[in-house]
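# Observations on chain architecture
Letter by letter, the chains look like this.
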There are 2 protein chains.
Amino acid sequence: MEKEKLLMTPGPTMIPPRVLEVMRRQIIHHRTKEFEAIFDGLEEDLKFVFQTKNPVLVLASSGTGGMEAAVVNLFSPGDTVLAISVGNFGDRFADIAKTFGLNVKKLAVNWGEAVNVNDVKKILDEDVDNEIKAILVTHNETSTGVTNDIEAIGKLTKDTKRLLVVDAISSLGGLELQMDNWGLDVVVTGSQKALMAPPGLAFVGLSDKAWDAVENSKLPKFYWDFKKYKKGLMKAGENPPYTPAITIMMAQAEALKMIKEEGLENVYARHKKLALATQAGVKALGLELLPNQDVSSYIITAVKAPEGIDIAKVIKTLNLKYDIMITGGQKDLKGKIFRIGHCGYTDGLDLIKTFAALEYALSDAGYKVEMGVSVGAVQKALQ
Amino acid sequence: MEKEKLLMTPGPTMIPPRVLEVMRRQIIHHRTKEFEAIFDGLEEDLKFVFQTKNPVLVLASSGTGGMEAAVVNLFSPGDTVLAISVGNFGDRFADIAKTFGLNVKKLAVNWGEAVNVNDVKKILDEDVDNEIKAILVTHNETSTGVTNDIEAIGKLTKDTKRLLVVDAISSLGGLELQMDNWGLDVVVTGSQKALMAPPGLAFVGLSDKAWDAVENSKLPKFYWDFKKYKKGLMKAGENPPYTPAITIMMAQAEALKMIKEEGLENVYARHKKLALATQAGVKALGLELLPNQDVSSYIITAVKAPEGIDIAKVIKTLNLKYDIMITGGQKDLKGKIFRIGHCGYTDGLDLIKTFAALEYALSDAGYKVEMGVSVGAVQKALQ
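Within an unreviewed UniProt entry, the label attached to chain A reads Tritium exchange subunit, and the organism entered is Ruminiclostridium herbifermentans. The Subunit (unreviewed entry) comment attached to chain A in UniProt states, word for word, "Heterodimer of a large and a small subunit." The record in UniProt for chain A states the following under Function (unreviewed entry): "Soluble hydrogenase catalyzes both production and consumption of hydrogen from suitable artificial electron donors or acceptors. This subunit catalyzes the tritium-exchange activity."

Let us look at the interface of chain B and chain A. When the parts of a complex come together, some accessible area is lost, and that lost area is often used as the size of the interface. Facing the 50 residues of chain B at the interface are 49 residues of chain A. Summing both sides of the interface, chain B and chain A together bury roughly 4100 Å²; the carbon and sulfur share of this comes to 68%. Run the count over chain B and chain A and you get two salt bridges. Between Glu-21 of chain A and Arg-24 of chain B there is a salt bridge, with the nearest N and O atoms lying 2.7 Å from each other. Looking at the side of chain B that touches chain A, the elements with two or more residues in it are helix H1 (17-23), helix H3 (63-74), helix H4 (88-99) and helix H9 (246-262) of chain B.

All names here are of chain A. Looking at chain A, the domain boundaries give domain 1 (6-12 + 264-382) and domain 2 (17-261). Computed from C-alpha coordinates alone, the two centres of domain 1 and domain 2 are separated by 28 Å. Taken together, the contacts link 25 residues of domain 1 with 30 residues of domain 2. If you look at where domain 1 meets domain 2, you find zero salt bridges. Our enumeration of links across domain 1 and domain 2 arrives at seven residue pairs in polar contact (both at pLDDT 80 or more). Breaking the side of domain 1 that touches domain 2 down by element, the ones donating at least two residues are helix H10 (264-284), strand E11 (300-304) and strand E14 (337-341).

One pass over the structure, following the stated rule, counts 33 salt bridges over all chains. The shortest N-O distance in the salt bridge between Arg-18 of chain A and Glu-254 of chain A comes to 2.9 Å. Pair noted here: Arg-18 of chain A is in helix H1 (residues 17-23) and Glu-254 of chain A is in helix H9 (residues 246-262), with a separation of 236 residues, a long-range link. A residue is classified by how much of its surface remains accessible, and Glu-254 of chain A, at 13% relative accessible area, is buried. Residue Glu-254 of chain B pairs with Lys-257 of chain B through a salt bridge whose shortest N-O separation is 3.7 Å. With a gap of three residues between them, Glu-254 of chain B and Lys-257 of chain B both fall in helix H9, about one helical turn apart. By relative accessible area, which is 42% here, Lys-257 of chain B ends up partly exposed. Where salt bridges share partners, they join Arg-18, Glu-254, Lys-257 and Glu-261 of chain A into one cluster.

As a further point, take the sheet that holds strand E14 (residues 337-341) of chain B. Residue and element names in this part refer to chain B. In spatial order, the strands read E11-E14-E13; together these three strands make up an open sheet with antiparallel pairing. Either end of the sheet is taken by a strand with one partner, and the two such strands are strand E11 (300-304) and strand E13 (327-328). Here five bridges tie E11 to E14, and the two strands are oriented antiparallel to one another. Looking at E14, one finds that Ile-300 is bridged to Gly-341.

This part is about helix H5 (residues 117-126) of chain A. Residues and elements named next belong to chain A. Listed in full, the buried residues belonging to H5 are Val-117, Val-120 and Leu-124. End-on view of H5: buried residues confined to an arc of 60 degrees, all on one side of the axis. Those residues of H5 that are exposed and angled more than 90 degrees off the buried face are Asn-118, Lys-122 and Glu-126. Looking at the buried positions of H5, the neighbouring elements they touch are strand E3 (80-85), strand E4 (103-108), strand E5 (132-138) and helix H6 (150-157). The opening residue of H5 is Asn-116, an N-cap whose side-chain oxygen sits 2.8 Å from the backbone nitrogen of Asn-118.

What follows covers the UniProt feature "binding site: substrate" (unreviewed entry) in chain A. Residues and elements named next belong to chain A. What UniProt calls "binding site: substrate" (unreviewed entry) maps, in this numbering, to Arg-339. Relative to the helices and strands, Arg-339 is located in strand E14. Arg-339 has contacts with Met-8, Pro-10, Thr-142, Ser-143, Ile-300, Thr-301, Ala-302, Ile-326, Thr-327, Gly-328, Gly-329 and Gln-330, leaving out every residue within four places of it along the chain.

What counts and what doesn't
Residue numbers restart at each chain and count upward from 1, following the sequence in its written direction. Chain A is the first chain written and ligand 1 is the first ligand written, with later ones labelled in order. Totals for whole chains, interfaces and linings use all residues, but because this is a predicted model, local features are given only for residues with pLDDT of at least 70 and pairs of side-chain atoms are given and counted only at 80 or more. Calculated side-chain values reflect all of the structure's heavy atoms, with hydrogen atoms and water omitted. UniProt positions are given in the numbering used here, feature names are shortened, and annotations may be inferred rather than shown by experiment. Residues are treated as being in contact if the distance between any of their heavy atoms lies within 4.5 Å. When two parts are put together, the accessible area they lose, computed with a 1.4 Å probe and summed over both, is reported as buried area. The salt bridge definition used is simple: a Lys or Arg side-chain nitrogen within 4 Å of an Asp or Glu carboxyl oxygen. For the purposes of this entry, the term helix denotes a DSSP run of H or I that reaches at least four residues, the term strand denotes a run of E that reaches at least two, and both are numbered from the N terminus. For the purposes of this description, domain bounds are those given by an automatic or database domain assignment. Identification of polar contacts relies on pairs of N or O atoms within 3.5 Å, with a donor-acceptor requirement for protein atoms, meaning one able to donate a hydrogen and the other able to accept it, and with residues adjacent in sequence counted only if both atoms are side-chain atoms. Here the term buried applies to any residue with accessible area under 20% of the maximum for its type, exposed to any over 50%, and partly exposed to those in between, with areas from a 1.4 Å probe on protein chains only. Here, any two strands with at least 2 DSSP bridges between them count as paired. The arc under discussion is defined with respect to the helix axis, by the directions toward the C-beta atoms.

So this is what it looks like as structure tokens:
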């Protein structure tokens, strides 16, 4: 019997049936009062999850498009930025900046580590001529299951001219993030992770300081031109400037209602609880986290593959035999780790089910598992 | 009683229930065999509607994103292009090219006219040094209801080094377009018009000549980088490079199946028949087309507003009282025309219904209408 696939992946994540029902609706036109009402509600709720007073722009693109949009709207060729990379997506942000002619100073750490905020402070302190205009950083790095301390980095840039540009694609709506209070200047996220909607939308919030930078940016842009999107927000019937991904916006509006109903604090607490339970299950299996526990992500847990076990086979068994998707490592970590996502529309029983299947699959692959050992540990941690 | 809105608009257009059912499905992951099968089917059917042997790239963006992607992938700063504009979307293509530092020679005609192919020929003939690297042109201009003769323009560039870049956003899948046979080098379209899917996807086809230009292009690109998308197509599990708009791709795959089932020739014939019936209805109302009949679009019909009638009110009445959306004019044509779309998932009875409501609404606004006069004309034309 084939069951609906349970995605315990870093994204896309499962979509709540309530949100899927919205997707089923006939399309509406985007230059109508009906759409405007949906857009206004979406905008209001996006501000809420971003924890910002400023408008949040809605782009029809994947999250990577939102990262590119941030770069081309904030900077001019030759501008210097500090790109902090703790994994694949941090590398991507640095690559985007390089592609558009920025002078990229890269602070990279070993995969599995978070950035040491003191290292960032030191680099900024040594930059006496204020060459570094901005920091680009990933909040939650899905490739390594590591969360960076964005609040602490925010303290370094908050009352300075420097901008803090945060890739919060996999974190926003799952990990605490207070855009305005923490002094984050640009926050980019996507629809398909903690925000529980289908992929296809990127969201970008900007501080007043970031909007000033937009005014001075000289990189060419058309589709990504934030000023056009902002103008649209101010003028009824012109948001966004190009035909928006209407259906996904309607779905996202519904998913954000669910987040508000659950309560943002409760959503964060659920993600934390699931993560700690995952860690307990991993430990009970005699396995090790890739990162140190104190920086291990509440969105996705990266686990070292047991010695001598073909982890790709384990992941495949979970998928084909038990209809549960977890993922392997990317780039250098391929074959060396597996990753369990617990983000968005996921609860404790999803996790228990995942560990039950993982026990079977690990056992099939030759790893010695006492049945129920990790399931029990997860259950206890969730109790 | 409020009925579901009937969109007789240039896009988004109505989505077939079969396609909406697909949207209701739970999300699947994009790095799976299941998704690969959907993607391969989509790719095959896109090649079919594009009438090309080459891959068609799938971008998570609106159609405008596809236009920008074409520009940044084909050209280098300072390259000269001839931008043909017969309306709002032709202007947009020229603006995008200017934004990215191209030297844009613009051939603009009065709104409501198609480009005279001899004028294009003359400009190319005079360009003895082959400065003009490419022509940018709109196939079907929705703002004015005009179709350009792309096949004829193709003959001017086919066996030359020049590229022909076609915005077929509102035409592809509704108007005949033979990418390879006509020598079109780049064809851009979107999901939400004749292709009967929700907005959020752009599709770009490239000829071998266009792929050569991509190799030489120096404009920076990351999200739009065609080479990455092409690489993804060649390598299982890496298409597309960034999280795609999975749900809309599944919907588009379903909608393309419907087009294949109806038969491309039949789809073209239906669009033509609906357009000619619309023209008959307009004439029966004593109204005039904006363009000459021989260039009037089979996708959308632009009609001059009757003297002394508040056409915005007529459009509003259709929308609020009869739940049918037609649209007004853009920019300089605001208040001067109205436009009836007959594109995508639309049949004769939709059109008859629209004319019945239009008769009421025009009459309400003070225009003398003998009830049934246009409806009868439309019926006859459709018979």
